[in-house]
Amino acid sequence: MKEVNISELERRFQEKIDNDIRIEPKDWMPDEYRKTLIRQISQHAHSEVVGMLPEGNWITRAPNLRRKAVLLAKVQDEAGHGLYLYSAVETLGADREQTIDDLHSGKAKYSSIFNYPTLTWADMGAIGWLVDGAAIMNQVPLCRCSYGPYARAMVRVCKEESFHQRQGFEIMTTLAKGSPEQKAMAQDALNRFWWPALMMFGPNDAESKHTQQSMDWRIKRHTNDELRQMFVDATVPQAELIGLTVPDPDLKWNEETGHYEFGEINWDEFWQVVKGNGPCNKDRIDTRRKAKEEGMWVREAAMAHADKRAKRKSA
Amino acid sequence: MEHLFEYVLRIGDDSLILGQRLAEWCGHGPILEEDIAMTNISLDLIGQATTLLDYAAKIEGKGKNADQLAFLRFDKDYRNLLLVEQPNGDFGMTMMRQFFFDAFRKPFFEALQHSKDEQLSAIAEKSLKETRYHLKHSSEWVIRLGDGTEESHQRIQESLDALYRYTDELFYSDEVQKAMESAGIAPKMDDVRSEWNKTVDYVLNEATLKIPDNQWKFEGGRRGMHSEHLGYILADMQYMQRAYPGLEW
Ligand SMILES: [Fe+2]
Ligand SMILES: [Fe+2]
Ligand SMILES: [Fe+2]
């Protein structure tokens, strides 16, 4: 009897998905769907929050007041994205604090790109242009994700990400047409961030465990390799436009396919960084953990004060 | 004109240096909501600094812009209060510093709206709304932390004790201040001080905190005599402009 019910529920669930009807928090959903979403959305939230650090690293050293303000606004947006996404995770019954503890214990992942250091001002350009650019490729299709709260969060987030991408490209453009040392700074940033940006789309389709199921559930709409190709096709002409060289000797335009062909990604590096051995993994997590530990007394005080207030009111 | 330049610089530098200080918090706040709030306040302050230093540069008439004033002066030429250059410390220290400053800035901008200097009056009007929000935010935290747990009470009382000595300088009066007051450009500092006292008394009372017995006062920032901290703030802030002079970014 129960068996029949579940398979009936599953059938109706898949039917909704197939008809592009959004799944909402109160709707029945398979456990695996819920788990997949919790994993993906919390990873995304963590990426927004950890992603504040490499850029936060340059706010106090931004070269002029306008750049300082734009960078502050961008990093503030990323914190906002983190908040919407943690709220979206909570609609699935997960606890925000628990998901954050999973990040701090190393159980939960975040985008590996943020484990690379920001060494010069040009990195603020490269991150906006390439990292937010890659994020947009990943996230625009997520605006049509089958899970309602995630899809709606992505609509808001994507508008801001495209602004981030533009300001990053604008920094790169300014540098590329600046002095020889500015141009060299821009090229160096592109050299360091190009490959890690391509890695943001995850392993090749053949290696990707979750892709097919996520496509069937319409969480994902494109495979990793499709998204990576879209990114390369969109970005290479932008680099050419401002006179920078993409650091890939195998890169070439294929007239027949209408796509760029590009070299092999260093997957050893990718997996090492995923495993925690990137240049900044330890620093990033230590920083987040420290922020949480050092903020403990503040959160306790806020709760204690709210309690006192409530008691005084009811007294 | 020289007095006006000096006067605008004082207001602009307060916003600039405090905005720079708050930006150091980015990504390290006790909760994500506070990362957003502190970034937001920093952004408002940097915005004020941009407008004010731009105006100062025009008054100076040497063809400079806000960036050149913000990034290319030496420490003795900065006119900000000692209070705003004090290190962030813990979150309570940052909120206490912010509270003392906001409690000053609100009545200051309220009065500056009526300045005979049209530019300053417009800047004050524009800045007032955000300043009210800043004060609400910082006073709420002072109250929460003061009247929170035993630990938080003790911590923020220590921050109050450490920062109180810098508050008298908020109302610094000298030749410049007096000239601006009598020209109807600057608010009367006595009036601003009495508003500040009211706010501080009310909030500290709610927070169950007390003003320290040691009433020693420090001043110097308005004259360009700073603490050791300013040099490091400038080392970060000016790094790019000093390392790569005269470039567009
Ligand atoms: Fe974001
Ligand atoms: Fe994102
Ligand atoms: Fe972004």
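Treat the numbers as computed from the prediction; the structure is a model and nothing was measured. (Residues numbered from 1 in each chain as written. Chains lettered and ligands numbered in written order. Predicted model: local features only at pLDDT ≥ 70, side-chain atom pairs only at ≥ 80, totals over all residues. Heavy atoms only, no water.)

1. Quick look at the overall build of chain A
Now for step 1: A count of helical and extended segments in chain A gives 12 helices and two strands.
Now for step 2: In chain A, the succession of helices and strands from N to C terminus is α-α-α-α-α-α-α-α-α-α-β-β-α-α.
Now for step 3: For chain A, whose C-alpha radius of gyration is 21 Å, the value lies close to the compact-globule estimate of 20 Å for 315 residues.
Now for step 4: Within chain A, buried positions represent 54% of all 315 residues.
Now for step 5: Across chain A, every contact between residues at least 6 apart in sequence was considered, and the portion connecting residues at least 24 apart equals 77%.
Now for step 6: Carbon and sulfur atoms form 53% of the exposed surface of chain A, whose accessible area is close to 14600 Å².
Now for step 7: Side-chain charges in chain A split into 44 positive and 47 negative, and the spacing between the mean points of these groups amounts to 9 Å. (Helix = DSSP H or I, 4+ residues; strand = E, 2+ residues; numbered from the N terminus. Rg over C-alpha atoms; globule rule 2.2 N^0.38 Å. Buried < 20%, exposed > 50% of the residue type's maximum accessible area, 1.4 Å probe, protein only. Contact = heavy atoms within 4.5 Å. Areas by Shrake-Rupley, 256 points an atom, 1.4 Å probe, with all protein chains shown as cover. Lys, Arg positive; Asp, Glu negative; His and termini not counted. Charge placed at Lys NZ, Arg CZ, Asp CG, Glu CD.)

2. Describing the coordination of the iron ion (ligand 3)
Residue and element names in this part refer to chain A.
Now for step 1: Protein ligation of the iron ion (ligand 3) involves E78 (OE), D132 (OD), E161 (OE) and H164 (ND1), the donor distances falling in the range 1.9 to 2.2 Å.
Now for step 2: Along the chain, the residues donating to the iron ion (ligand 3) fall in the pattern E-x53-D-x28-E-x2-H.
Now for step 3: Metal-to-metal, the separation of the iron ion (ligand 3) and the iron ion (ligand 1) is 3.4 Å; E78 coordinates the two. With D132 in helix 6 (residues 122–139) and E161 in helix 7 (residues 148–176), the pair connects residues that are 29 residues apart, well separated along the chain. Here D132 and E161 have matching classes, each one buried. (Donors = N, O, S within 2.8 Å, 3.2 Å for Na, K, Ca; no water.)

3. Considerations on the interface of chain B and chain A
Now for step 1: With 47 residues of chain B at the contact, the number on the chain A side is 46 residues.
Now for step 2: On the surface where chain B and chain A come into contact, there are three salt bridges.
Now for step 3: In this structure, E33 of chain B and R96 of chain A form a salt bridge, with 3.2 Å as the shortest nitrogen-oxygen distance.
Now for step 4: At the boundary of chain B and chain A, one finds 15 residue pairs in polar contact (both at pLDDT 80 or more). (Salt bridge = Lys/Arg side-chain N within 4 Å of Asp/Glu carboxyl O. Polar contact = N/O pair within 3.5 Å; in protein donor to acceptor, adjacent residues only side chain to side chain.)

4. Re the packing of aromatic side chains
Residues and elements named next belong to chain A.
Now for step 1: Considering all chains together, one arrives at 22 aromatic pairs over all chains under this definition.
Now for step 2: Measuring from ring centre to ring centre gives 5.6 Å for W129 and F169, while their planes differ by 50°; the resulting arrangement is tilted. With W129 in helix 6 and F169 in helix 7, this pair connects stretches of sequence that are 40 residues apart. F169 matches W129 in its accessibility class, with the two residues each being buried. (Phe/Tyr/Trp six-rings, centres within 6.5 Å; stacked < 30°, edge-to-face > 60°.)

5. Comments concerning the coordination of the iron ion (ligand 1)
All names here are of chain A.
Now for step 1: Donor atoms from the polypeptide that coordinate the iron ion (ligand 1) comprise E48 (OE), E78 (OE), H81 (ND1) and E161 (OE), at 2.0 to 2.2 Å from the metal.
Now for step 2: For the iron ion (ligand 1), the four donor atoms in the first shell make angles of 88 to 137° at the metal, a pattern classed as irregular.
Now for step 3: Counting residues between consecutive donors of the iron ion (ligand 1) along the chain gives the motif E-x29-E-x2-H-x79-E.
Now for step 4: Here the iron ion (ligand 2) and the iron ion (ligand 1) are spaced 3.4 Å from one another, each receiving a donor from E48. Here the residue E78 occupies a position in helix 4 (residues 65–90), and E161 occupies one in helix 7, the gap between them amounting to 83 residues. E161 carries the same exposure label as E78, and that label is buried. (Tetrahedral: all angles 85-135°; square planar, octahedral: opposite > 155°, others 65-115°.)

6. As for the side chain of T174 of chain A
Now for step 1: Structurally, the position occupied by T174 of chain A is in helix 7.
Now for step 2: Exposure remark for T174 of chain A: the relative accessible area of 16% places this residue in the buried category.

7. Here's the deal with the environment of E161 of chain A
Residue and element names in this part refer to chain A.
Now for step 1: E161 sits in the buried class, given a relative accessible area of 2%.
Now for step 2: Once the C-alpha coordinates of E161 and A135 are considered, the two residues, 26 residues apart in sequence, prove to be 7.6 Å apart.
Now for step 3: Separated by 3.0 Å, the side chains of E161 and H164 make a polar contact.

8. Brief notes about empty space enclosed by the protein
Now for step 1: Counting across every chain of the model gives two cavities of 30 Å³ or more.
Now for step 2: There is about 190 Å³ of room inside the largest cavity.
Now for step 3: Forming the walls of the largest cavity are 15 residues, and the residues nearest its centre are I100 and R288 of chain A together with P30, I31 and L32 of chain B.
Now for step 4: Sorting the residues of the lining of the largest cavity by element identifies helix 5 (96–104) and helix 12 (281–314) of chain A as the ones contributing at least two each.
Now for step 5: Of the residues forming the lining of the largest cavity, the biggest block, five residues, is contributed by helix 5 of chain A.
Now for step 6: Grouping the constituent residues of the lining of the largest cavity by class yields eight nonpolar, two polar and five charged.
Now for step 7: The computed volume of the second largest cavity comes to approximately 90 Å³.
Now for step 8: For the lining of the second largest cavity, the element with the most residues is helix 1 (residues 2–23) of chain B, which contributes four residues.
Now for step 9: The residue inventory of the lining of the second largest cavity, partitioned by class, reads seven nonpolar, one polar and three charged. (1 Å grid on protein atoms, 1.4 Å probe; cavity = no way out; pocket = protein on both sides within 12 Å on 5 of 7 lines; lining within 4 Å. Points joined across faces, edges and corners; volume = space filled by probe spheres on them. Nonpolar A, V, L, I, M, F, W, Y, C, P; charged D, E, K, R; others polar.)

9. Here's the deal with the environment of I127 of chain A
Residues and elements named next belong to chain A.
Now for step 1: Tracing the chain through its elements places I127 in helix 6.
Now for step 2: We classify I127 as buried; its relative accessible area is 3%.
Now for step 3: Each C-alpha atom, one on I127 and one on A189, is 8.8 Å from the other, the two residues being 62 residues apart in sequence.
Now for step 4: Not counting residues up to four positions away in its chain, the partners in contact with I127 are P54, E55, K74, T118, D132 and F193.

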